[in-house]
Amino acid sequence: MTDRDTLLALNQAFYRAFTNRDAAAMEALWAETLPVSCIHPGWTALFGRDAVLTSWRDVLRAPTGITVEARNERVTLHGNTALVVCEETLGGAVLAATNLFARENGSWRLAHHQAGPIADARADVEIPAKAPRHLH
């Protein structure tokens, strides 16, 4: 399995733990010794494993479950760190999400998660397939 395949599988495991409200599975994904952080939509930034995992336990204890799915996942490797940028679908809402993974003791672990709303796509704005070579 390539790093890219592993990261995509871990990203899916993150959303599966979220949907299944599985606190143990969520906790297992997060780094234990590396610094971690998380920014839930509308929240202030959380720093440290205890604060981040406490927030996830609170989110996962919500009385009604939320089905969360990742789509349009894109992996970018940066040595011993990697970004998985994707869209999260929660019911009718779509959020942009960034999940930062880092190698900890030889295994990829989640070090940061951030999600926030996406503006509705506009038909009059063309998004280039590739970034331009020169910026003006």
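Here the residue numbering is sequential within each chain, running from 1 through the sequence in written order. Local features in a predicted model are, by the rule used here, given only for residues with pLDDT of at least 70; side-chain atom pairs are given and counted only at 80 or more, and totals for whole chains, interfaces and linings are based on all residues. Neither water nor hydrogens contribute to the side-chain values; these are computed over all heavy atoms in the structure.

1. Quick word on the side chain of arginine 109
No. 1: Among the secondary structure elements, arginine 109 is positioned in strand 6 (residues 107-117).
No. 2: Note on classification: 1.4 Å probe, protein chains only; a residue is buried when its accessible area is under 20% of the maximum for its type, exposed when over 50%, partly exposed between these limits. A relative accessible area of 14% places arginine 109 in the buried class.
No. 3: In this description, contact between two residues means that some pair of their heavy atoms is separated by no more than 4.5 Å. In contact with arginine 109, other than residues within four places in its own chain, are Glu27, Ala28, Leu29, Trp30, Ala31, Glu32, Leu100, Phe101, Ala102 and Glu104. Numbered from the N terminus, helices here are DSSP runs of H or I no shorter than four residues, and strands are runs of E no shorter than two.

2. Concerning the sheet that holds strand 3 (residues 68-78)
No. 1: Here a strand pair is declared whenever DSSP counts at least two bridges between the two strands. Strand order in the open sheet formed by 6 strands is 2-1-6-5-4-3, with mixed pairing between adjacent strands. Two strands lie at the open edges of the sheet, namely strand 2 (46-47) and strand 3, each paired on one side alone.
No. 2: By the bridge criterion, 3 bridges tie strand 1 (residues 37-39) to strand 6 in an arrangement that is parallel. Each bridged residue has a counterpart across the sheet, and for cysteine 38 the counterpart in strand 6 is histidine 113.
No. 3: Along the sheet face, helix 1 (residues 3-20) touches strand 3, strand 4 (81-90), strand 5 (93-104) and strand 6 and points at about 150 degrees away from the line of strand 3. Only the stretch in contact is used when a helix axis is fitted, and all axes are lines through C-alpha atoms; the angle between N-to-C directions ranges over 0 to 180 degrees.

3. Quick word on the packing of aromatic side chains
No. 1: In summary, the pairing rule links any two rings of Phe, Tyr or Trp, Trp by its six-membered ring, whose centres are within 6.5 Å, and it sorts them by plane angle into stacked for under 30 degrees, edge-to-face for over 60 and tilted for everything else. One pass over the full model with this rule turns up 3 aromatic pairs.
No. 2: Summarising the aromatic geometry, the rings of phenylalanine 14 and tryptophan 56 are spaced 5.4 Å apart at their centres and angled 85 degrees between planes, so their arrangement reads as edge-to-face. One end of the pair, phenylalanine 14, is in helix 1; the other, tryptophan 56, is in helix 3 (residues 49-60), and 42 residues separate them in sequence. Accessibility assignment for this pair places phenylalanine 14 and tryptophan 56 in one class, buried.
No. 3: Look at phenylalanine 18 and tryptophan 56: their rings are 5.1 Å apart centre to centre, the planes differ by 80 degrees, and that puts the pair in the edge-to-face class. Here phenylalanine 18, found in helix 1, pairs with tryptophan 56, found in helix 3; they are 38 residues apart in sequence, far enough to count as distant. For the pair shown, phenylalanine 18 and tryptophan 56 are each scored as buried.

4. Observations concerning the nonpolar core
No. 1: Grouped together as the largest cluster of nonpolar side chains are 31 residues, with contacts concentrated most on Phe14, Met26, Trp30 and Trp56.
No. 2: Breaking this core down by element, the ones donating at least two residues are helix 1, helix 2 (23-29), helix 3, strand 3, strand 4, strand 5 and strand 6.
No. 3: A per-element tally of this core places helix 1 first, with 7 residues.
No. 4: If near-sequence neighbours (up to four positions away) are discounted, phenylalanine 14 is found in contact with Met26, Leu29, Trp30, Trp56, Asn99, Leu110 and His113. As used in this record, nonpolar core signifies buried Ala, Val, Leu, Ile, Met, Phe, Trp, Tyr and Cys residues forming a set joined through side-chain atoms within 4.5 Å.

5. Digging into the pairing of strand 5
A regular strand places its side chains so that they alternate between the two faces of the sheet.
No. 1: As defined by bridge partners, strand 4 adjoins strand 5 across 10 bridges and the pair is classed as antiparallel. Directly across from glutamate 88, in strand 5, lies its bridge partner leucine 95.
No. 2: The pairing of strand 5 with strand 6 spans 10 bridges and is classified as antiparallel. Residue threonine 98 lies in a different strand from strand 6, and its bridge partner there is glutamine 114.
No. 3: A loop of 2 residues connects strand 5 with strand 6, the two strands running antiparallel in sequence, and asparagine 105 in this loop sits at a positive phi of about 50 degrees.

6. Comments concerning unusual backbone geometry
No. 1: Positive phi, close to 55 degrees, is recorded for arginine 21, a residue that is not glycine.
No. 2: Assignment of secondary structure puts arginine 21 in the loop between helix 1 and helix 2.
No. 3: Of note in this structure, asparagine 72 is not a glycine but carries a positive phi near 50 degrees.
No. 4: Residue placement: asparagine 72 occurs in strand 3.
No. 5: Owing to a relative accessible area of 55%, asparagine 72 belongs among the exposed residues under this scheme.

Take it as geometry only, folks, not as evidence of what the structure does.
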